[in-house]
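Observations on chain architecture
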Amino acid sequence: MMDPVLSTSDIRLKAHALTIHVGRGKKKKTILREGHLTLYAGEWVALIGPSGVGKTTLLHTLSGLYPYEVGELWIDGEKVTRPSDHDRLRIEKMGLIFQGAYVVSALSVWENVALPARLASAQFVQTIVPTKKALKERAHMLLEAVGLEEVSDQLPHVLSFGERRRLAIARAFFLNPPLLLADEPTNDLDSDNVARVLHLFRTYLAQGGTLLIATHQQEPLDDADRIVSLEDGTLKT
Amino acid sequence: MADLVFKSWLRRYKETGLTALLLAFVGASIVFMLWFILGYRQGVTLSSERLGADVVLFPKDVPAEGQTVLLSGEPLNVYFPEQKIRQALQNVQGIGLWTPQFFTQTLNADCCSVEGENRLVGIDWSSDFLVKPWIRGSAPKTLGPYEAIIGSNIATYEDNITILDAPFHIVARLYPTGTAMDQTIFIPLKTARDLVAHSDTVVHAWGKDIDPYTSLSAIFIRAQDRYNPQLLAYHLNQIPDVQVIETSDVLYRARETFMWTGRMLLIALLFFTFLASIAIYGRLVGDVTRRKSDFALMRALGLTRGKVVRWFAWESFFTVWAAVIMAVPLYSWYRWIFSRFSSINPSQPFIPLTLKETVGVALTVLVIFWIVIFLSQLVGSQYSKKKALAQAFGEGDVGS
């Protein structure tokens, strides 16, 4: 019999009875105990919780950067069975905005934005940016959307932390992912740029994207369809 | 991916340039040392294998060391009466072949149209067994009065040369021997005597009481098959007016020198290579570790383990070839210094490696250091294993 979850085409991510630990021995800590989470297409879900509770670790686990011990995970209808599958799904189905505004220091701003296309499989990238010209155009289009067009040819060391964060946001959209996992994306941004980024998120959702955003700030919460709280190893809606 | 790696490599030109410079210095030094050791070994081996004569007769009381006579291009104006020694040789047992030589003087650009300082030696072509085996191509059947054969180190731009105002035609050139032959011009014995007798230039070497037409400088002798050369040398020592140099002794001493010097050099080379490898390893591991945020991010964005390997394969490729470009002038400089020293002291057997052999040595060193660099970078990238990568993100180690 077909799993009803898999037959539901608008589910972008489903975590079933997921258990995550960090540390070892006496320092072992449970981040999530048999947690359930479902994200639907076009949905904006905010993940909140006190600092250090494990929001970042949860996002890393969902994206395959950190292992879970027990549970099942589906991404865009595909069940994750092996770490290599998870890697592929992260690259092809997810956009990641890390808490730190990480950039490759030796690549220019636009090259950083286009980086996912240079690292993913050529066959997959071909469906999004078929030519080098298209790749560069898309990078500049995204930089314009986050207000960094003027510095596109500069190296990242000239950017402020807020500008780096916007660069990282532009990069997360590059491969047009159906699911975006954002870890405190509006930190370090002034109010104008917060508004700019939130507008970008709304546009993304309107086009059918799904957003899971971990945050401590109020503005992203205002736009959220649903707020999920991580506390004491459980996810509460 | 190669273009991405190249951009990243080029934009870090201070770090990558310094690494390439370090590699260039290490690589050029190692290649030069190997070139020297192998050239020296080749010289000793060739000298001992193909010198041809077991013993050499020289006039008695001449302060000539065997090393100087056989291995250097230094002039020796020494003579003994030909007829007397020829008669004495008739009664010596164990002689297989023998051939006389007549030394004239050291030539230079003042008297001749050849560059550098060279020896001019008269040989008896019919009995010669020393020069013939070294001729490039086929040996001429005869050696005409004004025909010459030149050693491998003698630079000439054409086949017609002038020696002591006489025109000579070069009919053959020799392979390198690692001996005095490399700096020698061989002409017929009679012509050499004529030149000495009639040339105004040749004055300082000749006393009034020496007649070139009845004198010889040396007789090279090969023992009969299975006849003990040392026993032959013993018999020859009984002849008055001559001294006997056993070539095996000379080459034994040269080999001993090489064994000691070569071994010391080899140990120094191994030690240097070991230290250099550690320095390169440390530098590259440090370089990759400094960039761990870059690699952590790229791993998260799709740089698989296989692509990390490819990344470092390309990066090490660029570094190695930049080092090669820097190493070429450095190596040339080493060779220039060596040529200055060797021209001052040519008494050591040395056959320089051919260009092809030198390139082969350089390529071997290049491949070895390419592997060292590549493995160092891979070791440095171990942190980017999946779990450690996520922990790095989680703990905030990455970025900034």
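The structure reproduced in this document is the subject of the present report.

Each value, and the rule that gives it
Residues numbered from 1 in each chain as written. Chains lettered and ligands numbered in written order. Predicted model: local features only at pLDDT ≥ 70, side-chain atom pairs only at ≥ 80, totals over all residues. Heavy atoms only, no water. Helix = DSSP H or I, 4+ residues; strand = E, 2+ residues; numbered from the N terminus. Buried < 20%, exposed > 50% of the residue type's maximum accessible area, 1.4 Å probe, protein only. Core = buried A, V, L, I, M, F, W, Y, C linked by side-chain atoms within 4.5 Å. Contact = heavy atoms within 4.5 Å. Buried area = accessible area lost by both parts, 1.4 Å probe. Salt bridge = Lys/Arg side-chain N within 4 Å of Asp/Glu carboxyl O. Polar contact = N/O pair within 3.5 Å; in protein donor to acceptor, adjacent residues only side chain to side chain. Nonpolar A, V, L, I, M, F, W, Y, C, P; charged D, E, K, R; others polar.

Once that is clear, we can look at unusual backbone geometry. Most of the time, phi is negative for any residue but glycine, and the peptide bond is trans. Residue and element names in this part refer to chain A. For D188, which is not glycine, the phi torsion reads 70 degrees and is therefore positive. Mapped onto the elements of the fold, D188 is located in the loop between strand 7 (179-183) and helix 9 (191-206). Overall, D188 belongs to the partly exposed group, its relative accessible area being 47%. For D232, which is not glycine, the phi dihedral falls at a positive 50 degrees. Secondary-structure assignment places D232 in the loop between strand 9 (226-231) and strand 10 (234-236).

Before going further, it helps to examine the nonpolar core. Grouped together as the largest cluster of nonpolar side chains are 84 residues, with contacts concentrated most on A:L37, A:L47, A:L62, A:L212 and B:W311. In terms of residues, this core owes the most to one element, helix 2 (residues 13-50) of chain B, which gives 13 residues. If we skip the residues at most four places from it in the chain, A:L212 touches A:L37, A:L39, A:V45, A:L47, A:L59, A:L62, A:L180, A:L181 and A:A182. Counting 44 residues, the second-largest nonpolar core is a separate cluster that includes A:L135, A:L175, A:V194 and A:L198.

Contacts between the two partners involve 29 residues from chain A, matched on the other side by 26 residues from chain B. Counting the surface lost from both chain A and chain B, the interface buries some 2,500 Å², and carbon and sulfur atoms represent 63% of this. By the criterion of area lost to chain B, the three top residues of chain A are A:Y102, A:R118 and A:L119, representing 28% of everything that side buries. Put simply, chain A and chain B have three salt bridges between them. Between B:R11 and A:E111 there is a salt bridge, with the nearest N and O atoms lying 2.4 Å from each other. Run the count over chain A and chain B and you get nine residue pairs in polar contact (both at pLDDT 80 or more). For the side of chain A that touches chain B, the residue count by class is 17 nonpolar, five polar and seven charged.

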